[in-house]
Amino acid sequence: MPITVVGSIAYDSVSTPFGERQRMLGGAAVHFALAASFFQEVRVVGPVGDDFGETELDVLRNRGVDISDVERIPGGKTFFWRGKYGWDLNSRETLDTQLGVFEGFQPKLSESSRSSDVLFLANIQPDLQREVRAQMPDARFVALDSMNLWIEAARESLMKAIAECDCLILNDSELRQLTDKASLYAAAREVLSWASAPSDSSSGASATDSSPTDSPAADGDRGTPARRGPRVIVAKQGEYGAALVTADGFFSLPAFPLESVVDPTGAGDTFAGGFVGYIAAHADEEITDELLRQAMAHGTALASFNVEEFGTHRIESLAGAEIVARVRQLREFTQFSAAPVPLGE
Ligand code: AMP
């Protein structure tokens, strides 16, 4: 099933202990699209300015990403982000965020983008995420990412956006910030409890038979059918991996062990691209916890490549066979047998 994604399309300037790069191609939607393009056709929605180069668009084109809905705004400036990492690559400092063409952007999705069955609302203002969501009322699987900035600056709109999606993908600290819970597991369970109780509340709902209109309480101001709220929560934990929480279970994977990490920027979006891409590639199947675990493994593998080089470079040169090999290795690294041992009282 094709995937539509909205989110930042950016220039990033990044400094890590291993070097510095200025105005690289970046943005949540870009990292997501490149990763998801290994699994399904991806359609990107979002604005860029006059300053955005054809070379950058070619990076997306070369991976077969549909950029018909990437709108060039005359006189506008492309979203810009500057960040700095210390030796702890798990935390970073944002030095500058310039929304540029995203300020006042009103997305108008083409027929093709609207017809995708899977929607990823990558990190950007929640109002914009909701505008895109409203144009795809029939999407069968909707996942959303966000960040501390929007939790602080646009909490009300973000809560509405979350209520309209099936799957929430957040950093662990953001999940805690959103719910005010110290335990990550409790935070994820809290978000699951926000879901309105539908007749079918299992996480085993199928992407093919579970449409957003199953529970059609209308959201008056936008005409979007009110969602039941997320049934799948993914907590990204940087170099510690990612955890999955559903009504039925819990699963966790470490990050793929690497000798060298150069630039973690976009790892979360690349993970999401692998995770959602895998689900989209199996969209005619029931979305069981087993399928979600496999999606976690693919997201983890993709993210591990992303951090090996600055920006999008490693993913640009990645081959499908490398992803398959890393998923296999990850399986070997994480399995163990629970052989019984006599234990004293
Ligand atoms: P990640 O490392 O996966 O959290 O994502 C990093 C990407 O997010 C970078 O390429 C940035 O361009 C983009 N980004 C940073 N801040 C924001 C923001 N406030 N809204 C949307 N995208 C952002």
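Let me begin by describing the structure that accompanies this report. Values in this document were obtained by computation on a predicted structure and should not be read as measured data. Just so you know, the residues in each chain are numbered from 1, in the order the chain's sequence is written. Per-residue local features of the predicted model are confined to residues with pLDDT of at least 70, and side-chain atom pairs are confined, for both listing and counting, to 80 or more; whole-chain, interface and lining totals are unaffected and use all residues. Side-chain numbers come from the whole structure's heavy atoms, not from hydrogens or water.

## Focus: helix H8 (residues 184-193)
And step 1. Between buried and exposed lies partly exposed: a residue is buried under 20% and exposed over 50% of the maximum accessible area for its type, with that area taken using a 1.4 Å probe on protein chains only. Every helix listed is a DSSP run of H or I at least four residues long, and every strand listed is a run of E at least two residues long, numbered separately from the N terminus. Every buried residue of H8 is listed here: Leu184, Ala187, Ala188, Val191 and Leu192. Along H8, the residues classed as buried sweep out an arc of 140° about the axis, all on the same side.
And step 2. Any pair of residues with heavy atoms lying within 4.5 Å of one another is described as a contacting pair. In this structure, the buried residues of H8 make contact with strand E10 (167-171), helix H7 (172-179), strand E13 (232-236) and strand E14 (242-246).
And step 3. Here a polar contact is recorded for every N or O atom pair within 3.5 Å, except that within protein the pair must consist of a potential hydrogen donor and a potential acceptor, and residues adjacent in sequence are included only if both atoms are side-chain atoms. The N-cap of H8, judged by a side-chain oxygen 3.3 Å from the amide nitrogen of Tyr185 a few residues on, is Ser183. Comment: arc refers to directions from the helix axis out to C-beta atoms.

## Looking at the pattern of salt bridges
And step 1. Counted as salt bridges are all cases of a side-chain nitrogen of Lys or Arg within 4 Å of a carboxyl oxygen of Asp or Glu. What the rule picks out here adds up to 13 salt bridges.
And step 2. For Lys236, the salt bridge is made with Asp145, and the minimal N-O distance between the two is 3.1 Å. Here Lys236 is found in strand E13, whereas its partner Asp145 is found in strand E9 (residues 141-145), with 91 residues between them in sequence. Here Lys236 matches Asp145 in class, with each residue buried.

## Focus on the layout of surface pockets
Remark: the empty space left among the atoms is shown by a probe the size of a water molecule rolled over them.
And step 1. A cavity here means a set of points on a 1 Å grid, drawn over the protein atoms and nothing else, where a 1.4 Å probe fits but cannot get out; a pocket is an open set with protein on both sides within 12 Å along at least five of seven lines, and a residue lines either one if it has an atom within 4 Å of a point. Grid points are joined across faces, edges and corners, and a volume is the space filled by probe spheres set on the points. Each pocket or cavity is described by its volume, and for the second largest pocket that value is around 430 Å³.
And step 2. Lining of the second largest pocket is provided by 16 residues; of these, Phe251, Leu253, Ala297, Arg331 and Thr334 occupy positions nearest its centre.
And step 3. For the lining of the second largest pocket, the elements supplying multiple residues, two or more each, are strand E15 (250-253), helix H10 (289-306) and helix H12 (320-334).
And step 4. Residues are grouped as follows: Ala, Val, Leu, Ile, Met, Phe, Trp, Tyr, Cys and Pro are nonpolar; Asp, Glu, Lys and Arg are charged; every other residue, Gly included, is polar. Taken together, the residues of the lining of the second largest pocket break down into seven nonpolar, four polar and five charged.

## A short note on the nonpolar core
And step 1. Among buried residues, the Ala, Val, Leu, Ile, Met, Phe, Trp, Tyr and Cys ones that are joined through side-chain atoms within 4.5 Å form a nonpolar core. If you look at the biggest cluster of nonpolar residues, it comprises 63 residues, and the most contacted ones within it are Val5, Phe120, Ile169, Val234, Phe275 and Met296.
And step 2. Considering every element that reaches this core, the biggest residue donor is H10, with nine residues.
And step 3. With near-sequence residues (within four places) excluded, Phe275 lies in contact with Cys167, Ile169, Val232, Val234, Leu244, Leu292, Ala295, Met296 and Gly299.
And step 4. Of all hydrophobic cores here, the second largest spans 27 residues; its members include Ala139, Leu158, Leu175 and Ala235.

## What about the site of the ligand?
And step 1. Looking at the ligand, there are 19 residues lining it, with Ser8, Asp12, Gly27, Gly266 and Asp269 nearest.
And step 2. Residue Gly268 places a main-chain N or O atom 3.1 Å away from an oxygen atom belonging to the ligand.
And step 3. Here an oxygen atom of the ligand and a side-chain polar atom of Asp269 are 2.8 Å apart.
And step 4. When contributions to the shell around the ligand are tallied by element, the ones reaching two or more residues are strand E2 (10-16), strand E6 (79-85), helix H5 (148-153) and helix H9 (267-281).
And step 5. If one sorts the elements of the shell around the ligand by residue count, H9 sits on top with three residues. One heavy atom suffices: a residue is near a molecule or strand as soon as one of its heavy atoms comes within 4 Å of it.

## Looking at the sheet that holds E6
And step 1. Across the sheet, which stays open at both edges, the four strands sit in the order E3-E2-E6-E7 with mixed pairing between neighbours. In this open sheet, the two strands that pair with only one neighbour each are strand E3 (19-26) and strand E7 (92-98). Averaged over neighbouring strand pairs, the angle between their axes works out to 15° when direction is ignored.
And step 2. Here E2 runs beside E3; their pairing, made up of six bridges, is antiparallel. Along E3, the bridge assignment pairs Thr16 with Gly19. A pair of strands is treated as paired once DSSP finds two or more bridges between them. Convention adopted: a line fitted to C-alpha atoms gives each axis, helices being fitted over their contacting stretch, and angles between N-to-C directions are expressed from 0 to 180 degrees.

## Considerations on the packing of aromatic side chains
And step 1. Only Phe, Tyr and Trp rings take part, Trp by its six-membered ring, and two of them pair if their centres are within 6.5 Å. Stacked means planes under 30 degrees apart, edge-to-face means over 60, and tilted covers everything else. Counted according to the given criterion, the structure contains nine aromatic pairs.
And step 2. Measuring from ring centre to ring centre gives 5.4 Å for Tyr11 and Phe52, while their planes differ by 45°; the resulting arrangement is tilted. With a gap of 41 residues between them, Tyr11 in strand E2 and Phe52 in the loop between strand E4 (42-48) and helix H2 (54-62) connect regions that are remote in the sequence. You'll find Tyr11 and Phe52 in the same group, each marked buried.
And step 3. The interplanar angle of 90° and the centroid separation of 5.9 Å between the aromatic rings of Phe79 and Phe102 together place this pair among those described as edge-to-face. Of the two residues, Phe79 sits in strand E6 while Phe102 sits in the loop between E7 and helix H3 (111-114), which places them 23 residues apart along the sequence. Phe102 matches Phe79 in its accessibility class, with the two residues each being buried.
And step 4. An aromatic cluster is built from Phe79, Phe102 and Phe105, whose rings are joined through pairwise contacts.

## Some points on the packing of H9 against H10
And step 1. At a minimum axis separation of 7 Å, H9 and H10 run at an interaxial angle of 145°. As for the relative orientation of H9 and H10, their crossing is right-handed in sense. Contact with H9, carried on its side by Ala267, Thr270, Phe271, Gly274, Phe275, Tyr278 and Ile279, involves Leu291, Leu292, Gln294, Ala295, Met296, His298, Gly299, Thr300, Leu302, Ala303 and Asn306 of H10 and no other residues of that element.
And step 2. Grouping the constituent residues of the contact of H9 with H10 by class yields eleven nonpolar, seven polar and no charged. In this scheme the handedness of a crossing depends on how the near helix is turned from the far one: anticlockwise by less than a right angle means left-handed, clockwise means right-handed.

## Observations concerning the pairing of strand E8 (residues 118-121)
And step 1. Where burial is concerned, the two faces of E8 agree: the one with Val118 and Phe120 and the one with Leu119 and Leu121 are both buried.
And step 2. Note that strand E1 (residues 3-6) and E8 share four bridges and pair parallel. Its bridge partner being in E8, Val6 is matched across the sheet by Leu121.
And step 3. Two strands pair when backbone bridges link them, and E8 and E9 are joined in this way by four bridges, in the parallel orientation.

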